[in-house]
Amino acid sequence: MIVATMNDLRLTAGTVTNEHCHLLGYYAPGDGGSGEFYWDATSTAADNGGTIIKVAGHTGSWLRIFSGAVTPKWFGAKGDGASNDTTPVSICMNNFDEVDLVDCNYKVADMTSARATSLRNGTISLFPLSRISVLANLNLEKVIFDALDQTVRTAILYVSPGGGIIANNCVFKNIKTSAPPVPSTENRNQYAIIADMANCNIVLDNVRFENISAMGDANGAEENAGFCGGIFILASQDITYDNPSLPTYYKTVYSKPSNVSITNCIFKNIYTIKHPSNTGPLDTDADAIRITIDDYDDRFDICHNILIDQNRFIDIQKSCVKASNFNGLIISNSVISTEKMTTTPLIGAFRLQPVKTALISNVLYNGTCTYLMYSRGSKDIRFHNISTLAPSNVTTAFQILDNSANISIGGSDIACGRFLNIETSSGAIACDHLAVMDCRIVQQTEQTPFIRIKNAPDVCISDCSITTLDNAGIDGISISDAPGFSLSDSKLFYGRTAISCIENNLSVPNNIMIASSNFERLQYATGSRHILLRASAGTNPQLTGVVIRDCSFSSRSQAARSNDEIMLLSGTDVTLSDLNLIVVQVGTNTIQAATGLIQVLQSTQVNINNVNARHNFVPTGESYTVLLRQSSKIAITGVKSFNGDGVTLYESVDYIAADSIFSKAGRQPLWEAVVPVNKYYGDTAAIL
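Asker: Sorry, what's going on with the overall build of the chain here?
Answerer: Across its full length, the chain carries 2 helices and 60 strands. Counting over 688 residues, the chain shows a buried share of 55%. Taking the contacts inside the chain whose residues are at least 6 apart along the sequence as the reference set, 66% of them involve residues at least 24 apart. Taken as a whole, the chain presents about 25700 Å² of accessible surface, with 48% of it coming from carbon and sulfur.

Quick look at the structure:
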């Protein structure tokens, strides 16, 4: 038997069991609804519109003969991208294991996918203010989701607790809101995928998210509206975590997903549209990937082991990844570029606020951004192999704030305005334990200081090359309230001052170490130093535990007077050893004075040994290698000044032992402007 359409089949009953019928099409022959059926005279199954067809007035059904996937066209979908195909698509997704879209475009309104199923090979377009709610596992293969430049109901796919997404070779695109967001409404935020995580999986591979936008708040008001992006993963609060050792407010906590993996994906053109009433700056809330919970209570046992690998981010307006309040994040092999958004650049490529235990590695950045990496309150974070390409314009590479801890930055090659900014907005410790290792850092735009460390104990910089702009107004490293700071095995090239340390917190030993490093100052400016260490103003403030050893310093000077290269103001328990200084004259000015390597002021218990100073000119005025002022309990040995005086005592120096002090012939190896009461002098001679 042959019938032309589905209506014809509904009017034709079988005459014998297992009688076959060939259907030519659903509405018309050749429209994709064709198929083979057989008559089951005893069937009591309900008519589903595509695989089970009842004939009015007859017992029995026509049953479609098939194996594997069904297609919505069997159920009356037109697949033309204009007709409403919600019902046939919903029937397929909620009743069958496999659905093949047969390379057609199905336009749907609000619908639910409540059965574990797979969907492949076609396009799903959405009517305005619609979404697909996913309540079970949904496998996607070669599916395009298109919002048609309209507003969706919060997301194209909304994954509820217990649901999950496994997607490969898919596209989510064209979400656009041209109306202001309304708080507490479902369309206030716009995402491709929202996953409300409660023991469900999100596995995305080779998925493209593009052209997603939402209108921002009026005048930047925080109204929990106007957010948009590719993926928003949040945790639900429906699981009791019964741990008697936890405080009461932890008893019901946000649950964690079973698995989150986002690999080989592209995120492109995700941005905020300015609110028409906003007369201030753009309120930007556009993140490619956002992983968070609803508050900031440091519940770090949330959302373990999230993998974001081998993704590309193009023209993302706020963040490539914003992550908050969970434990276990890997971001690797990412490429980030801003090709169009130069007037509203990327705010922060990766923002962690806060996250515990994260690895961010192998990131290549090319474009304009405010922060490359941003951490607020995060702990146990490793940044490795982060690189920028010219002509990138990065204002600050690493912004570390407020109770961060155990952070390392290694193996990176970065050009930026400021490499590292560590500070606190709350008065608490900004970061406890931070290491920068094996990095090549070059300043590209003018920011001073190039590295700022404030309220951060135990910061270590080692095996680094640090170059600021050749500008007399640029400082290299500024330290404040950073006990335990160390710099070792590094090379610094800078405009004004390499390291400036002003300590306010003197209740603990400062324990500052600078070792095995080379310093080269590129410009001369009034007040410039290689190293300036001093305590803040107060009653007898003292830096405690300062070591500078095995370092070389060179300077270029074209002024009539060069400065002290290392100045220590108010220190105790200080060791300066194995230091070499070279001052090179450039230009035609006669340098009348080359004040030397070290000035020690208002300090005690100071040990200075093995210091060499050399200039490529002969100064016409005063020149010394070490100047001691208002200081006591000093041991100084092995000073060689090849072009000037050796050691000068000035203003209230007492309890001093000096030996092996040598100066250039005709200069003073040890000159006393003030005579110490308690002194011991060994060998001193003007023989160099």
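Structure shown, so let's carry the discussion forward.
Asker: Hey, could you run me through the sheet that holds strand S4 (residues 52-54) in this one?
Answerer: Within a sheet, adjacent strands bond to each other through the backbone by hydrogen bonds, running parallel or antiparallel. Strand order in this open sheet of 5 strands is S1-S2-S3-S5-S4, and the pairing throughout is mixed. Strand pairing shows two members of the sheet lacking a second neighbour, strand S1 (2-3) and S4, which therefore form its edges.

Asker: Explain helix H2 (residues 86-95) to me, please; I cannot follow it from the model alone.
Answerer: Every α-helix winds through 3.6 residues per turn, so residues three or four apart in the chain are directed the same way. Taken residue by residue, H2 has Thr-86, Pro-88, Val-89, Cys-92 and Met-93 as its buried positions. Looking at the buried residues of H2, the elements they touch are strand S6 (80-84), strand S7 (98-100), strand S8 (105-108), strand S9 (111-113), strand S10 (117-126) and strand S12 (137-150).

Asker: What is the right way to look at the pattern of salt bridges in this model?
Answerer: Close approach of charged atoms lets side chains of opposite charge pair. The full count for this structure, using the stated rule, is 14 salt bridges. Here Arg-440 ties to Asp-413 by a salt bridge, and the two come within 3.0 Å at their closest N and O atoms. Taken as a pair, Arg-440 in strand S36 (residues 440-443) and Asp-413 in strand S33 (residues 413-416) lie far apart in primary sequence, 27 residues in all. Here Glu-651 makes a salt bridge to Arg-629, at a shortest N to O gap of 3.1 Å. Note that Glu-651 is positioned in the loop between strand S56 (645-650) and strand S57 (654-663) and Arg-629 in strand S54 (residues 624-629), a separation of 22 residues in sequence. Taking the relative accessible area as the measure of exposure, Arg-629 reaches 21% and is therefore partly exposed. Beyond isolated ion pairs, a larger network of salt bridges with shared partners links Glu-98, Asp-100 and Arg-120.

Asker: I would appreciate a short explanation of the pairing of strand S16 (residues 201-215) in the present structure.
Answerer: A regular strand places its side chains on the two faces of the sheet in alternate fashion. Sheet topology note: the strand S14 (residues 164-175)/S16 ladder contains 9 bridges and is parallel. Looking at the pairing, Val-171 lines up with Arg-208 of S16. Where S16 and strand S20 (residues 259-263) come together, 5 bridges link them in parallel fashion. What sits directly across from Val-203, in S20, is Ser-261. Both S16 and strand S21 (residues 266-273) contribute to a ladder of 7 bridges, which runs parallel. Within S21, the residue paired with Arg-208 across the bridge is Ile-266.

Asker: How do you make sense of the side chain of Asp-285 when you look at a structure like this?
Answerer: Along the chain, Asp-285 turns up in the loop between S21 and strand S22 (286-292). In this structure the side chain of Asp-285 is engaged in a polar contact, spanning 3.0 Å, whose partner is the side chain of Lys-318.

Asker: Any chance you could explain the nonpolar core here in plain terms?
Answerer: What tends to happen in soluble globular proteins is that the nonpolar side chains get buried as a cluster. Core analysis: the biggest nonpolar cluster contains 152 residues, and Ile-124, Phe-172, Leu-204, Phe-267, Phe-419, Phe-519 and Ile-548 have the highest contact counts within it. If you tally residues by element for this core, the top one is S16, at 6 residues. Residues contacting Phe-267, with those up to four places away along its chain left out, are Phe-209, Gly-230, Ile-231, Ile-262, Ala-288, Ile-289, Asn-311, Arg-312, Phe-313, Ile-314 and Ile-316. Grouped together as the second largest cluster of nonpolar side chains are 12 residues, Val-3, Leu-9, Ala-13 and Leu-23 included.

Asker: I would appreciate a short explanation of the environment of Ser-641 in the present structure.
Answerer: By the element assignment, Ser-641 lies in strand S55 (residues 632-641). For Ser-641, the side chain forms a polar contact with the side chain of Thr-625, separated by 3.0 Å.

Asker: I would appreciate a short explanation of a nonpolar patch on the surface in the present structure.
Answerer: Among the surface-exposed residues, Val-335, Leu-364 and Leu-389 lie close enough to one another that they form a single nonpolar patch of about 200 Å² accessible area. For Leu-389, the location among the structural elements is in the loop between strand S30 (379-388) and strand S31 (393-401).

Cut-offs used in this document
Residues numbered from 1 in each chain as written. Predicted model: local features only at pLDDT ≥ 70, side-chain atom pairs only at ≥ 80, totals over all residues. Heavy atoms only, no water. Helix = DSSP H or I, 4+ residues; strand = E, 2+ residues; numbered from the N terminus. Buried < 20%, exposed > 50% of the residue type's maximum accessible area, 1.4 Å probe, protein only. Contact = heavy atoms within 4.5 Å. Areas by Shrake-Rupley, 256 points an atom, 1.4 Å probe, with all protein chains shown as cover. Pairing = 2+ DSSP bridges. Salt bridge = Lys/Arg side-chain N within 4 Å of Asp/Glu carboxyl O. Polar contact = N/O pair within 3.5 Å; in protein donor to acceptor, adjacent residues only side chain to side chain. Core = buried A, V, L, I, M, F, W, Y, C linked by side-chain atoms within 4.5 Å. Patch = residues over 30% accessible without salt bridge, like charges linked within 9 Å, V, L, I, M, F, W, Y side chains within 5 Å.

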